[in-house]
Amino acid sequence: MEIIVKNDGELLDYLVNNIDMPRKKIKEYLTHGSIYVNNNRTTKYNYPVYSGNTIIIDTKSKNKVILPFEILFEDEHIIVVNKPSGLLTIATDNEKYNTLYHIVRNYLVSKNKNNRIFIVHRLDKDTSGVIIFAKDERTKNMLQDNWNDYVKLREYICVVHGKLEEKDKKIVNYLAETKTKLVYTTSKELGVEAITNYEVVKESKDYSLVKVAIDTGRRNQIRVTFKELGNPIVGDKTYGIKDNGKRLFLHANKLKLFYPVIGKEILFESKVPTEFKKIMKG
């Protein structure tokens, strides 16, 4: 099905108002990665469309789901994907379907209706990168129950404002949360320990590209750490400053862990997003 956009708007709303198809059905096609705008596949309900754009709904692909992001590893027990920025890991009260969990689940169910999926860990909505799902409850429990022992490396790449005074440092903070889940630093007595190691990879006039390895996995740990240093992450709307960052420049690029199914350590890695390289070039 091909639609030529007649007026500007957001993808889901435009389709609901302009084609004879139930909203639920359109959402399913979005979730399955079956909708293209000017040949770009998207799963975002609020994807902007403009007059003259071409929208294609691949109605034949519904039972042959293709993920709109990269699969880094898959076997019978786990699936590891490269999560895009701007996508929730799991559902919230405000968003039930447009989530990483829901998209990966539909992909697996399309291959076998009996397939299941379980959350092992999460990334913030605006953070991209490596994330693991288990395909059975036993594997999920093994990984979650032994996560701190099994994980050998959690590495991120980020772009921060300005230049860091120290180019290589280990930081120990103590973090707490407000009732609205806003994270802040506090005393040792009132917070939980957060250990962050960073190394500056590259500097430009306005930004620094930084490699980060965390020893603890606290909520918003990296974002709060760089805020406290006075070098907030570019595009951080919660802990940062007003800038032109079109996304949060934080990417989980490496996750190394002991995989109990094969009894060996395994490294999952995703490429640094092109936006990171572009912004460092000025």
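Before reading further, recall that the structure is shown in the block above.
Residues numbered from 1 in each chain as written. Predicted model: local features only at pLDDT ≥ 70, side-chain atom pairs only at ≥ 80, totals over all residues. Heavy atoms only, no water.

**Some words on the overall build of the protein**
As a reminder, the rule being used: Helix numbering and strand numbering both begin at the N terminus, where a helix is a DSSP run of H or I of at least 4 residues and a strand a DSSP run of E of at least 2. Partly exposed describes any residue whose relative accessible area lies between the buried limit of under 20% and the exposed limit of over 50%, with all areas from a 1.4 Å probe on protein chains only and scaled to the type maximum. A contact between two residues is defined here by any heavy atoms of the two lying within 4.5 Å. A 1.4 Å probe and the Shrake-Rupley method give the accessible areas. Residues count as covered only by the protein chains that appear here.
Regarding its fold elements, the protein presents seven helices and 17 strands. Taken over the C-alpha atoms alone, the protein extends approximately 60 × 45 × 35 Å along its principal axes. Taking all 282 residues of the protein together, 46% fall into the buried category. Long-range contacts, defined as pairs at least 24 residues apart, comprise 61% of the intrachain contacts of the protein with a sequence gap of at least 6. Taken as a whole, the protein presents about 15,400 Å² of accessible surface, with 44% of it coming from carbon and sulfur.

**A few points about the pattern of salt bridges**
Cut-off, in case you're wondering: Salt bridge, as used here: a side-chain nitrogen of Lys or Arg that lies within 4 Å of a carboxyl oxygen of Asp or Glu.
One pass over the structure, following the stated rule, counts 12 salt bridges. Salt-bridge contacts for Arg223 lead to Asp124; the nearest nitrogen and oxygen are separated by 3.2 Å. Linking Arg223 in helix 6 (residues 221-229) with Asp124 in the loop between strand 9 (118-119) and strand 10 (128-134), this pair joins segments that are 99 residues apart in sequence. You can call Arg223 buried: its relative accessible area is 7%. With relative accessibility at 25%, the residue Asp124 sits in the partly exposed group.

**A short note on the sheet that holds strand 3 (residues 35-37)**
Keep this limit in mind: Any two strands between which DSSP finds at least two bridges are classified as paired. Note on definitions: angles span 0 to 180 degrees between N-to-C directions of axes, and those axes are lines fitted to C-alpha atoms, for helices only across the stretch in contact.
As summarised here, the arrangement of the four strands in space is 1-6-3-4, forming an open sheet in which the pairing is antiparallel. Two strands in the sheet have a free side with no partner beyond their single neighbour: strand 1 (2-4) and strand 4 (40-41). Across three bridges, strand 3 lies against strand 6 (residues 54-57) in antiparallel orientation. Bridging across to strand 6, Val37 finds its partner in Ile55. Seen against the sheet, helix 1 (residues 11-18) touches strand 1, strand 3 and strand 6 and runs at an angle of roughly 75° to strand 6.

**A look at the environment of Glu275**
Within the secondary structure, Glu275 is located in helix 7 (residues 274-280). Owing to a relative accessible area of 33%, Glu275 belongs among the partly exposed residues under this scheme. Considering only alpha carbons, one finds Glu275 and Lys246, 29 residues apart in sequence, at a separation of 9.3 Å. Leave out the neighbours within four places in its chain, and Glu275 touches Arg247 and Phe249.

**Quick word on the environment of Met280**
Among the secondary structure elements, Met280 is positioned in helix 7. Met280 gets classed as buried once you look at its relative accessible area, which sits at 5%. If near-sequence neighbours (up to four positions away) are discounted, Met280 is found in contact with Val159, Lys202, Glu203, Ser204, Tyr207, Ser208 and Leu209.

**Topic: unusual backbone geometry**
Although it is not a glycine, Lys181 sits at a positive phi angle of roughly 70°. In this structure, Lys181 sits in the loop between strand 12 (168-177) and strand 13 (183-185). Even without a glycine there, the phi angle at Asn220 is positive, about 55°. By secondary structure assignment, the location of Asn220 is in the loop between strand 15 (207-214) and helix 6.

**What about the packing of aromatic side chains?**
To be explicit about the condition: Any pair of Phe, Tyr and Trp rings, taking the six-membered ring for Trp, is counted once the centres come within 6.5 Å. Such a pair is stacked with planes under 30 degrees apart, edge-to-face with planes over 60 apart, and tilted for the rest.
A complete count under the given rule lists six aromatic pairs for this structure. Residues Tyr198 and Phe226 carry aromatic rings whose centres are separated by 5.7 Å and whose planes lie at 55° to one another, so their mutual orientation is tilted. Remark: Phe226 occurs in helix 6 and Tyr198 occurs in strand 14 (residues 192-203); sequence separation between them is 28 residues. With a relative accessible area of 3%, Tyr198 lands in the buried category. Where Phe249 meets Phe276, the ring centres are 5.1 Å apart and the plane angle is 40°; that geometry is what we call tilted. A residue pair is termed long-range when its members are at least 10 positions apart, and Phe249 in the loop between helix 6 and strand 16 (250-259) and Phe276 in helix 7 qualify at 27 residues. Given a relative accessible area of 6%, Phe249 falls into the buried group.

**Regarding the nonpolar core**
So the rule is basically this: In these notes, a set of buried Ala, Val, Leu, Ile, Met, Phe, Trp, Tyr and Cys residues joined through side-chain atoms within 4.5 Å is what counts as a nonpolar core.
By size, the foremost hydrophobic cluster in this structure holds 39 residues, and its most contacted members are Val81, Val104, Phe133, Val212, Phe226 and Ile233. In terms of nonpolar packing, the next biggest core, distinct from the first, is built from 17 residues, Val5, Met21, Ile26 and Tyr45 among them.

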